[in-house]
Structures are given as structure tokens and as C-alpha cells.
Amino acid sequence: MLSLYRNQLMGIQKKVLLIGSGLMAEAVIDQLLKRNDNFVVVASAHVDDAKKVIQNKERCSAHHLDVTETEELRKFVKNSDIVIAYIPPQFIVPIAKICAELGRSMVTSQYTFPEIRALEEECKKKGIIMLNEIGLDPGIDHLATVKVRDEVYSKGGKIIEYESWCGGVPSPEFCDNPFGYKFSWSPFAAIRNVNNDAKYLEKGVQKYIPASDLLYSTEIIHVNPSLQMEGYPNRDSLPYQELYGLKDCQKLVRGTLRYQGHCVLMAAMKALGFASEEVIKVDREMSWFEYLLSNIRFESCSTMFLANHHITQLANTIDQKVFTLAQLETFLTKVFNRVFSQYYYKDKSEEQLYKDAEQITYTLKWMGVFDPKNLILNNVTHVHNFAAHLQTLMNYKQGETDLVAMQHIFKIVYPNDPRVYVKKSTMVKIGHRNGKSAMAITVGVPTAVATQLILDGVIKVTGVHMPNISEINTPLYEELKKEGIYCEEEDY
């Protein structure tokens, strides 16, 4: 196989190894193939996907690669000029170590892991770069932030508040499910993200939100006059004060955007255990309804959140002929006892709780929880079950498009000027109907452009980096602007 790979590369100047064939791969490949001197080798454990993604394309080939087979991986890396790692996070570090050993630069959209930072000196000695965090978020967010920062600092100003928000959702006309969301990237990773704690800076004080409260900690973000979304803090924002050089910031938060109503509904599912990392163990075939009925933890409290007649009304909306009314009432009583015991609901009236209960019941029906044919998967985690099930319901259909929204909000002060200036840096992209998604374009094109700039010697720095220095950001920003991928800035 590799001998064929070498023969295909004869006379080709630039040899790019793309490890992975997922949803973002085609955007990377097509961008690289704009240059006739590139040949792209797609190596993937899912070789059929790799073959599909290069179909009808020239100067590329598809190969099977199990990245856990170290020697085979080493052969692919050795026969390439540069490596793009588009693969789950747990495999990035072994690939990076082989790249460092063999003196091959690597580009990835993943966050910079400490194990990769540890390769700094070896990369410098080999004259290569490990460029991480170059996609959408992380990626374009770094470019937009550093651009404004440098302009402000060049005028002697200070950035006293900084917010960065980003999210991918269906275009409004295709937002047709209760969650207001569809998967344009890994369903498992998207859902598992709600299990992360969050840290950020507010009025100069470090704030901490446990994962249990994360989805209740939202605020409204006015992306533009026609687009209002809700945002919640994403993981640990605190390191970015140093990474961005925002030493004067009293507020610093990086967060995720969703359509309004998504977060509280997903929080309800999380309260019911759908996002749990606990492995499901059952000794017989079991439907979702049966499993949840026996496993939803009942909260010990003296409060009856909904009157019995409300429970009965909701149970009667469930159109099925397998479970008795009494079973449905018991199930819904446990559901609302569990969900409404969360602090978010403590001050709500029964009328408000009933409206929320209607939405939760509707969502459980839409998910097929009351369909006895929907069986749980045994010996996998709850979150794997949930992701696998939602993937069947929340994928994009042919002809549907997605929307990516990104916004940075800066509050800026200048010497001898009492005013506080507000600058917003915003990007909204909609995917191509029957073509690439906005998510694929805004993740894949930045990765490919960065790869090209390294190959062309435009990005000359070595070591382990993210795009937060001018030697990387300036040429990247200029090239991406040519592709129409950049944030529009507006002063208020």
C-alpha cells in the first residue's frame, strides 16, 4: 500500500497527510487541492469514508490507518511533508510525538494538550511547528481577538472586558426539533461538553460554575438585530488572560451559543441522567421507558411540584397502548420531581412549572422514550446511549443548512479619555445547500490555510504554538479574509 502511495507522490512537491476522514475533512482537502503542487493522502480507520471524501478528486488518495499501530503510523508520517491530525483527542498526542521524532510539522484544530507543549524544545531543534487550535473555536476566535488586541495596544489603550461567544446551530428554517440543534460535528463530544465545569473572570474575581449548574447559567447574546441567542461559559476561560495578553481585563469569558430554550431543556435531560458517564448494566433487553422508570432517582422532598390532575393531563397526551396510565403517571411524577428539584425552578409558580412540564413531556415523546421499540444499548454509558439515539433524530437532511455564529465583545479605554468604548467582532456564516456545512468550512479552511502557509515557508516560527502571535496570525488572517472567513468589526 505504501509503495503505491510513494509512486503516486513522484514528482509532487508537497505531500500532506490528513489523518481522519470525518465531517470536516472534505473542506480541508478541497482547500489544499486549490494548489496544483499539493497531494493529499487521507489515512483513516474508516477507509470507506476516506474513499468517499476523495471521490472525483485529483491528486489525493485514501488509505486504511489504525493510529494505534505505531510502526504503520510512523511510515505514513515519514513519507509526508506535513501532517494534519483530524482525529479524536485521545490520539493526538501519540501522533504529535511521532511527528516530533521524525521532524514533521503538525497542524490540528484541537486544544493544545500539556503533553504536546512538552515537545516544544524537540520541535525547535527539528525546525518544525506544532500548530494547534486552528479551526473555528478554537481558531478564528484567536485571530479575531489578537487582531483587536494589537490595534488597541498600538494606540496605548487597555481592554478591560472581553467576551467570546461561538456556536453552530441549524439555519432558522431547518430548526425543527425541540432542542433547536443538529449535529454538524461529533454528537458524543457535543453532548459530553455539558459535563464540563466552567471558570471565568467577573469584576476581577474568578468565578466557578459546576457542571451541574452550567446549563442554567445562561445569558442573552445579541449577535445581530435578527439573531438573539443564549450563551453559557465554556470550560476554563482563565488561561486566556495570559494567552491573549489581556492583563487589564476585569471580565473575561469564553462561551457557547445556542438558540434560546436549548439549555434549560438539555439541562432537564441531564437531570434525568441522559448525559451521565455511568455505564448501563442490564440483564435483559429493556426499552428507554422501562429503564428510566426504574432508574430515575426520586428526590426526597416534601414539595409536590405538580398537582395530580396536571400529571394525569400530561400522561393522557402520550399516544401509546403498551403502558398503563398509572405507569405513565408514575414515570412523569418521577421525571418532574427530579427535574424541578433543581434550583433553577425554585421560584416558579405551578402555572410556569406546568408549561415547562408540557415542553419536557413533548420532548420525551419526540425522542421516542414512550416507544417500547426504542431499546437502550447495554454496557455503554448513558451519554453514549443518548448521543447515539439523538444522532438518528438530529442529523442534517439533504438540502438543509447550518449556521455558525461567533461574536467577541471588547470594552476598551484609552489614556486621558473618560469614555468606555465597545467593539464587537462578529461572524455569521450559513452552510451551502447540498454542499459543505458552515461548520466544516469555518473549521476546515483555517486548518488547510495554516498548513499551506507552513508549507510555503510564510509561517516560519518553530516550536509548539496556537495562533496568538503576529508571526502566525497576520498571514493567516489575510489569507482567510480572501476566503470570506473573518469577523466584521463594529464600534458602539
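Fair warning: this is a prediction, and the values are worked out from it, not measured in the lab. (Residues numbered from 1 in each chain as written. Predicted model: local features only at pLDDT ≥ 70, side-chain atom pairs only at ≥ 80, totals over all residues. Heavy atoms only, no water.)

1. Quick look at the overall build of the protein
When you go through the protein residue by residue, the secondary structure sums to 18 helices and 16 strands. Computed over its C-alpha atoms, the radius of gyration of the protein comes to 25 Å, within 12% of the 23 Å expected for a compact globule of 492 residues. Projecting the C-alpha coordinates of the protein onto the three principal axes gives extents of approximately 75 × 65 × 40 Å. A fraction of 71% describes how many contacts in the protein between residues 6 or more apart in sequence connect residues 24 or more apart. In the structure as shown, the protein presents an accessible area of about 22,200 Å², 49% of it carried by carbon and sulfur atoms. (Helix = DSSP H or I, 4+ residues; strand = E, 2+ residues; numbered from the N terminus. Rg over C-alpha atoms; globule rule 2.2 N^0.38 Å. Contact = heavy atoms within 4.5 Å. Areas by Shrake-Rupley, 256 points an atom, 1.4 Å probe, with all protein chains shown as cover.)

2. Details of the confidence of the model for the protein
Of the residues in the protein, 96% have a pLDDT of 70 or more, and the chain-wide mean is 93. Under a pLDDT of 50 for its full length, residues 1-9 has, in the predicted model, 16 contacts with residues more than four places off or in other chains. (pLDDT = per-residue confidence, 0-100.)

3. A look at the environment of I485
Looking at the element boundaries, I485 is found in the loop between α18 (470-482) and β16 (488-491). Spatially, the C-alpha atom of I485 lies 14 Å from that of L403, the residues being 82 residues apart in sequence. Beyond its immediate chain neighbours, meaning those up to four positions away, I485 contacts I140, M427, K429, I441, V445 and L480.

4. Describing the pairing of strand β2 (residues 38-44)
A regular strand places its side chains so that they alternate between the two faces of the sheet. Counting buried positions over the seven residues of β2 gives seven, a clear majority of the element. Residue alternation in β2 divides its side chains into two sets, N38, V40, V42 and S44 and F39, V41 and A43, and both sets are buried. Bridge count for strand β1 (residues 14-19) against β2 is six bridges, and the pairing is parallel. By the bridge assignment for β2, V16 is matched with V40. Handedness of the crossover is the feature at issue here: the chain leaves β1, passes through helix α2 (residues 25-32), returns alongside β2, and the resulting connection is right-handed. Sheet analysis places β2 next to strand β3 (residues 60-64), joined by five bridges and oriented parallel. Across the sheet, the residue bridging to A43 is H63, located in β3. (Buried < 20%, exposed > 50% of the residue type's maximum accessible area, 1.4 Å probe, protein only. Pairing = 2+ DSSP bridges. Right-handed = clockwise from strand over helix to strand, strands pointing away.)

5. Things to note about the side chain of K423
Within the secondary structure layout, K423 lies in strand β14 (residues 417-430). Within polar-contact distance, the side chain of K423 engages the side chain of D491 at 2.9 Å. (Polar contact = N/O pair within 3.5 Å; in protein donor to acceptor, adjacent residues only side chain to side chain.)

6. What to know about the sheet that holds strand β5 (residues 105-108)
Taken in spatial order, the seven strands line up as β3-β2-β1-β4-β5-β6-β15 in an open sheet, and their pairing is parallel. Lying at the two open borders of the sheet, with one neighbouring strand each, are β3 and β15 (463-465). Strand-to-strand twist across the sheet, computed as the mean angle between neighbouring axes with direction ignored, equals 20°. In the packing of helix α4 (residues 70-78) onto the sheet, the strands contacted are β1, β2, β3 and β4 (82-85), and the crossing angle to β1 comes to about 145°. Along the sheet, helix α17 (residues 438-455) makes contact with β1, β2, β4, β5 and β6 (129-131), crossing β4 at roughly 165°. (Axes fitted to C-alpha atoms, helices over the stretch in contact; angles between N-to-C directions.)

7. Describing the pairing of strand β12 (residues 251-258)
Within β12, eight of the eight residues are buried, which leaves the element mostly enclosed by the surrounding structure. Strand direction decides the pairing type here: strand β7 (residues 158-170) and β12, joined by six bridges, are parallel. Counted as the bridge partner of W165 is G255 from β12.

8. Considering the UniProt feature "domain: Saccharopine dehydrogenase NADP binding" (unreviewed entry) in the protein
UniProt records the feature "domain: Saccharopine dehydrogenase NADP binding" (unreviewed entry) for residues 16-130 in the present numbering. Helix and strand shares over residues 16-130 are 40% and 23% respectively, and the end C-alpha atoms of the span are 15 Å apart. (UniProt positions renumbered as here; feature names shortened; annotations may be inferred.)

9. With respect to the packing of α4 against helix α5 (residues 92-102)
In a packed pair of helices, the relevant descriptors are the angle between the two axes and the axis-to-axis distance. Running from N to C, α4 and α5 point in directions that differ by 50°, and their axes come no closer than 10 Å. On the basis of their axis angle, the class for α4 and α5 is oblique. Judged by the twist between their axes, the crossing of α4 over α5 is right-handed. Across the interface between the two elements, T70, L73, R74, V77 and K78 of α4 pack against I95, I98, C99, E101 and L102 of α5. Residue composition of the contact of α4 with α5, by class: six nonpolar, one polar and three charged. (Parallel < 35°, antiparallel > 145°, perpendicular 65-115°, else oblique. Left-handed = near helix turned anticlockwise from the far one by under 90°. Nonpolar A, V, L, I, M, F, W, Y, C, P; charged D, E, K, R; others polar.)

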